[in-house]
Amino acid sequence: MANATLTIDLGALSDNWRSLDAASGEGVETGAVVKANAYGLGLARVARSLSETGVRSFFVAEVQEGVALRRALGDGPQIFVFSGHMDGDTDAIRKFDLVPLLNSIEQMTRHFEALSGSPFGVQLDTGMNRLGLEPAEWDAARRIVLGQGPKLVMSHLACADEPDDPMNARQLQAFHDMTDGIDAPRSLAATGGILLGSDYHFDMTRPGVGLYGGLPFADAKPVVHLRVPIIQTRDVAPGEAVGYGASWLADEPARIATVQAGYADGLIRLMGDRTVMFAGDIPCPLAGRVSMDMLTVDITHLDEVPDHLVMLGTQQGVDDLADAARTIGYEILTSLGSRYDRSYI
Ligand SMILES: *Cc1c(COP(=O)(O)O)cnc(C)c1O
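- For the protein, the name recorded in an unreviewed UniProt entry is Alanine racemase, with Palleronia salina as its organism.
- As stated in UniProt under Pathway (unreviewed entry), the record for the protein gives "Amino-acid biosynthesis; D-alanine biosynthesis; D-alanine from L-alanine: step 1/1."
- Listed in UniProt under the heading Function (unreviewed entry), the comment for the protein reads: "Catalyzes the interconversion of L-alanine and D-alanine. May also act on other amino acids."

Dropping the structure here:
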């Protein structure tokens with residue numbers, strides 16, 4: 001088997017959910033966010049595994065993801081949809097028993113007219129200005145909406161990965177101002193909000209990235225392992241160049257391995273020579289630019305040429321790659337390409 005192999009550790013995924021569930025505290029339900037194909041790791045496998053671990057409420061970005069999730073999980077778990085009830089969503093919401101998180105008066109009107117009596121939640125804007133009702137809209141609508149018994153009233157934090165950011169306390173206060181005294185269950189915290197402490201937990205938490213081993217959950221177990229086979233090795237003499245743009249020059253005799261994964265597989269080109277791959281415990285720096293389907297790696301210092309190198313695993317995680325590529329772990333995860341052989345353990 002010559003393909004690069006992405007191994008997804010479902011045991012570590014479950015352990016991460018249990019840790020975040022424990023951190024969410026007694027009496028708080030811990031859901032799971034599985035949007036974007038479970039952050040690139042495979043919706044059906046990830047969601048089934050989380051369901052077996054005890055997750056009862058799942059969150060997706062849009063109705064089509066909700067349909068796929070319902071097919072994977074069958075009846076039972078609640079499936080919340082962040083984008084709410086969009087034009088054209090009505091049939092799928094009804095048929096697949098999805099719970100739209102209504103974001104605007106327009107969506108509320110649509111939902112109550114088309115699917116009166118069917119479950120819904122409400123999303124409030126507490127300062128991120130992305131989704132949800134503004135305080136004034138909520139004031140106008142809340143009596144009617146609360147009378148329909150929403151399954152969840154939620155908002156989202158903009159800066160929860162920075163515990164000291166004053167935005168967190170401001171959004172918390174705004175959420176209290178908008179929701180104190182209501183009967184419906186409330187939710188404010190994603191992964192970062194769970195780590196901010198119990199003031200942020202309310203009735204339900206909604207972790208995503210922490211389940212998959214990413215920051216800000218620093219204690220997460222690594223979930224993603226990526227090993228990439230070496231296609232070819234060669235010796236280069238001092239003064240010879242490697243790769244596009246001839247950007248890497250050997251200053252002494254070197255041995256270069258060409259491995260089978262590139263930016264088309266989500267190994268972002270910008271990470272260039274700030275990244276290493278591992279041969280066992282030994283780091284091997286990238287040499288030259290990332291190609292579409294290949295990387296070149298300096299393995300001069302290895303005693304033996306292995307048959308593969310490791311890009312993601314216990315030595316180097318998604319956030320290390322993200323730093324090198326000047327992005328965030330979320331983008332590394334969701335960029336992992338479709339060419340990998342995926343194996344679930
Ligand atoms: C993506 C998302 C989450 C999960 O966030 P993480 O930072 O991945 O834990 C929770 N709530 C909303 C509204 C989201 O968009």
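**Details of the pairing of strand S15 (residues 276–279)**
Then, in step 1: Of the pairings in the sheet, the one linking S15 to strand S16 (residues 282–285) comprises 4 bridges and is antiparallel in character. By the bridge assignment, valine 276 is partnered in S16 with proline 285.
Then, in step 2: The loop that links S15 with its antiparallel partner S16 comprises 2 residues; one of these, glycine 280, has a positive phi angle of about 60°.

**Notes on the pattern of salt bridges**
Pairs can form between side chains of opposite charge once their charged atoms are near each other.
Then, in step 1: Going through the model one piece at a time under the given rule, you end up with 9 salt bridges.
Then, in step 2: Put simply, arginine 339 and aspartate 265 hold a salt bridge, and the shortest N to O gap is 2.9 Å. Highlighted residues: arginine 339 in the loop between helix H11 (329–335) and strand S19 (341–344) and aspartate 265 in the loop between strand S14 (254–259) and S15, separated in sequence by 74 residues.
Then, in step 3: When its relative accessible area of 3% is taken as the criterion, aspartate 265 is described as buried.
Then, in step 4: A salt bridge links aspartate 293 to arginine 339, with the shortest nitrogen-to-oxygen separation between them at 2.9 Å. A residue pair is termed long-range when its members are at least 10 positions apart, and aspartate 293 in the loop between S16 and strand S17 (295–298) and arginine 339 in the loop between H11 and S19 qualify at 46 residues.
Then, in step 5: Residue arginine 339 is classed as partly exposed on the basis of its relative accessible area, which comes to 42%.
Then, in step 6: Residues participating in the shared-partner salt-bridge network are Asp15, Arg18 and Lys221.

**What about the packing of helix H3 (residues 43–53) against helix H4 (residues 63–73)?**
Packed helices, taken two at a time, are described by the angle their axes make and the gap between the axes.
Then, in step 1: With their axes 9 Å apart at the nearest point, H3 and H4 run at an angle of 55° to one another. The angle between H3 and H4 falls in the class oblique. Crossing handedness for the pair H3 and H4: right-handed. Contacts between H3 and H4 involve Leu43, Ala44, Ala47, Arg48 and Ser51 from the former and Glu65, Ala68, Leu69, Ala72 and Leu73 from the latter.
Then, in step 2: The class makeup of the residues in the contact of H3 with H4 is 7 nonpolar, 1 polar and 2 charged.

**Overview of the domain arrangement of the protein**
Then, in step 1: According to the domain assignment, the protein contains domain 1 (10–212) and domain 2 (224–344).
Then, in step 2: Of note, the centres of domain 1 and domain 2, computed from C-alpha atoms alone, are 37 Å apart.
Then, in step 3: Listed as interface residues are 9 residues of domain 1 and, on the opposing side, 7 residues of domain 2.
Then, in step 4: Together domain 1 and domain 2 conceal approximately 810 Å² of surface at their shared face, both sides included; 69% is due to carbon and sulfur atoms.
Then, in step 5: Three residues, Tyr39, Leu41 and Val209, lead the burial of domain 1 against domain 2; their summed loss comes to 51% of the area buried on that side.
Then, in step 6: In this structure, the connection of domain 1 to domain 2 is made through 0 salt bridges.
Then, in step 7: Linking domain 1 with domain 2 are 2 residue pairs in polar contact (both at pLDDT 80 or more), by the criterion used here.

Criteria and cut-off values
- Residues numbered from 1 in each chain as written.
- Predicted model: local features only at pLDDT ≥ 70, side-chain atom pairs only at ≥ 80, totals over all residues.
- Heavy atoms only, no water.
- UniProt positions renumbered as here; feature names shortened; annotations may be inferred.
- Pairing = 2+ DSSP bridges.
- Helix = DSSP H or I, 4+ residues; strand = E, 2+ residues; numbered from the N terminus.
- Salt bridge = Lys/Arg side-chain N within 4 Å of Asp/Glu carboxyl O.
- Buried < 20%, exposed > 50% of the residue type's maximum accessible area, 1.4 Å probe, protein only.
- Axes fitted to C-alpha atoms, helices over the stretch in contact; angles between N-to-C directions.
- Parallel < 35°, antiparallel > 145°, perpendicular 65-115°, else oblique.
- Left-handed = near helix turned anticlockwise from the far one by under 90°.
- Contact = heavy atoms within 4.5 Å.
- Nonpolar A, V, L, I, M, F, W, Y, C, P; charged D, E, K, R; others polar.
- Domains from an automatic or database assignment.
- Buried area = accessible area lost by both parts, 1.4 Å probe.
- Polar contact = N/O pair within 3.5 Å; in protein donor to acceptor, adjacent residues only side chain to side chain.

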